[in-house]
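What the coordinates show
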Amino acid sequence: MTEFHTRKPIDNSRLVRGNAPDRLRALARLVALGALFAAGTLLYAWQHFACIQLGYQLESLKTEQTQAGELNQELKLEVAGLRSPSRIDEIARNQLGLTVPVAGQIAPFETPSEAVLAELNAAAPAAARPR
């Protein structure tokens, strides 16, 4: 006995698979979760780099502050040198032609023996006057 096998060709080209709503929802959740994770990572990276940038700016400002303090100290020393009485005396004698005063040129300033108090002005309001 001889057996015959027949072969029947199947054409599935016209079949269309239906969309599964559960798979679509799961894919949407996965994409949303990935986007949330990416946004969190980007936020963390942005804060981290901003912190590093602020650190650089802080160091720059500290350097400027140190330089300004040194300049301030130098200027204080220069002012002290310019205010020295010996320098002022030298400029007065050499450049301005001033001399030491003669004994009769100096008159002492006389101050009143009693303290003089300021009197209240008549135009002042009555509420401001002491009672």
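Use the structure listed above.
We now turn to the structure provided with this report. (Residues numbered from 1 in each chain as written. Predicted model: local features only at pLDDT ≥ 70, side-chain atom pairs only at ≥ 80, totals over all residues. Heavy atoms only, no water.)

1. Some words on the overall build of the chain
Secondary structure summary: the chain contains two helices and zero strands in total. Considering the chain as a whole, with its 131 residues, one finds that 2% of them fall into the buried category. Entry remark: accessible area of the chain is about 13,600 Å², with carbon and sulfur atoms responsible for 61%. (Helix = DSSP H or I, 4+ residues; strand = E, 2+ residues; numbered from the N terminus. Buried < 20%, exposed > 50% of the residue type's maximum accessible area, 1.4 Å probe, protein only. Areas by Shrake-Rupley, 256 points an atom, 1.4 Å probe, with all protein chains shown as cover.)

2. Details of the pattern of salt bridges
This structure, assessed with the given rule, holds two salt bridges. We note a salt bridge from Arg-25 to Asp-22, for which the minimum N-O separation is 3.3 Å. Of this pair, Arg-25 and Asp-22 both sit in helix H1 (residues 21-82), three residues apart, which is roughly one turn of the helix. Residue Arg-25 is classed as partly exposed on the basis of its relative accessible area of 49%. On the accessibility criterion, Asp-22 (57% relative accessible area) is exposed. With a shortest N-O distance of 3.0 Å, Arg-93 and Asp-89 are connected by a salt bridge. Taken together, the residues Arg-93 and Asp-89, both in helix H2 (residues 85-94) and four residues apart, mark about one turn of the helix. For Arg-93, a relative accessible area of 41% translates into the label partly exposed. (Salt bridge = Lys/Arg side-chain N within 4 Å of Asp/Glu carboxyl O.)

3. As for a nonpolar patch on the surface
A contiguous nonpolar patch, built from Leu-24, Leu-27, Leu-30 and Val-31 and spanning about 420 Å² of accessible area, is present on the exposed surface. Structurally, the position occupied by Leu-27 is in helix H1. (Patch = residues over 30% accessible without salt bridge, like charges linked within 9 Å, V, L, I, M, F, W, Y side chains within 5 Å.)

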